[in-house]
Amino acid sequence: MTVQATDPILREGVLSQLRRHPEVELREETRSGPGTVAVLVDDTLDDDALARLRRLVRGEGARAVLVVSSLRESGLLDAIECGVGAVVWRHEASAHRLVQAVVRAFRGDGDLPADLLGRLMNRVGTLRRSAAAGGGPVPSGLTAREVDVLRLVAEGLDTGEIAGKLSYSERTVKNVIHGLTTRLHLRNRAHAVAYALREGYI
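Residues numbered from 1 in each chain as written. Predicted model: local features only at pLDDT ≥ 70, side-chain atom pairs only at ≥ 80, totals over all residues. Heavy atoms only, no water.

### Concerning the side chain of Thr 181
Thinking step 1. Along the polypeptide, Thr 181 turns up in helix α8 (residues 170-183).
Thinking step 2. Owing to a relative accessible area of 11%, Thr 181 belongs among the buried residues under this scheme.
Thinking step 3. Within the structure, Thr 181 has its side chain in polar contact with the backbone oxygen of His 178 (distance 3.1 Å).
Thinking step 4. Setting aside residues up to four positions removed in sequence, Thr 181 forms contacts with Leu 186, Asn 188 and Ala 192. (Helix = DSSP H or I, 4+ residues; strand = E, 2+ residues; numbered from the N terminus. Buried < 20%, exposed > 50% of the residue type's maximum accessible area, 1.4 Å probe, protein only. Polar contact = N/O pair within 3.5 Å; in protein donor to acceptor, adjacent residues only side chain to side chain. Contact = heavy atoms within 4.5 Å.)

Pasting the structure below:
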């Protein structure tokens, strides 16, 4: 894992806390890469910090832990959209808490403070209710058509059978599946069905 902070003293402080924990392997350089966890420490998630996060996650392929003093709701959504796996409040950033967040981020698990999790759940609930009332796609991006196709995939139907049931062409069915797996970064049909089941769509 690597630690990034605008203040070199702050960076050294975090590194010194983590050096005593053998469960994390520290890299002294600031550059991350695939398979590493990058801890980004800042006061708030401003435009510069958000740009660094995007570079770390999208450009370098790292998993990210964000350590901040405060975070607005819009900043939380930006961080999640960026691919942040864990958020730790600076006033709670003990060595134990940082190691816990790094390990969870490395495994691909989420880790949010309780107050942020509550705000996120309220926001998602509001978005889902407004999407349902408007008849539009749900916030995850699954449309009614995608849900119909995935429901039939889950029942074991092949592309031709799904096309016949829904009165679509086979090309349309393939495009629907390809579109949602690409957009949601799912590996294949089985992964897409698992996602839909987990999220409660089928």
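### Remarks on the sheet that holds strand β1 (residues 2-5)
Thinking step 1. Spatially, the four strands line up as an open sheet ordered β1-β2-β3-β4, and their pairing is parallel. Looking at strand neighbours, the two that pair on one side only are β1 and β4 (84-89), the edges of this open sheet. Going across the sheet, the axis of each strand differs from the next one's by a mean of 20 degrees, ignoring polarity.
Thinking step 2. Each of β1 and β2 (37-41) is contacted by helix α1 (residues 8-18), which is oriented at about 155 degrees to β1, the strand it contacts most. (Pairing = 2+ DSSP bridges. Axes fitted to C-alpha atoms, helices over the stretch in contact; angles between N-to-C directions.)

### Concerning the environment of Asp 43
Thinking step 1. Inspection of the secondary structure puts Asp 43 in the loop between β2 and α2 (47-59).
Thinking step 2. The exposure class of Asp 43 is partly exposed, given its relative accessible area of 44%.
Thinking step 3. Expressed as a C-alpha distance, the spacing of Asp 43 and Thr 6, which sit 37 residues apart in the sequence, is 9.6 Å.
Thinking step 4. Leaving out residues up to four positions away in the same chain, Asp 43 has contacts with Val 68, Ser 69, Ser 70 and Arg 90.

### Some details on the nonpolar core
Thinking step 1. The biggest cluster of nonpolar side chains holds 20 residues, and the ones touching the most others in it are Leu 142, Val 149, Leu 150 and Ile 162.
Thinking step 2. Listing elements by their share of this core, those giving two or more residues are α6 (144-154), α7 (159-166), α8 and α9 (189-198).
Thinking step 3. Take this core: its biggest share by element is five residues, from α6.
Thinking step 4. Setting aside anything within four residues of it in sequence, one finds Val 149 in contact with Ile 162, Leu 166, Tyr 168, Val 173, Val 176 and Ile 177.
Thinking step 5. In terms of nonpolar packing, the next biggest core, distinct from the first, is built from 19 residues, Val 14, Val 39, Ala 93 and Val 99 among them. (Core = buried A, V, L, I, M, F, W, Y, C linked by side-chain atoms within 4.5 Å.)

### Description of α2
Thinking step 1. The end-to-end C-alpha distance of α2 is 17 Å, a good match for the 18 Å that 13 residues give at a rise of 1.5 Å each.
Thinking step 2. Where α2 is buried, its residues meet β1, β2, β3 (63-68), α3 (73-82) and β4.
Thinking step 3. Of the residues that open α2, the one with a side-chain oxygen 3.3 Å from the backbone nitrogen of Asp 48 is Asp 46.
Thinking step 4. Of the residues trailing α2, Gly 61 is marked for its positive phi of about 80 degrees. (Expected span 1.5 Å × (residues − 1).)

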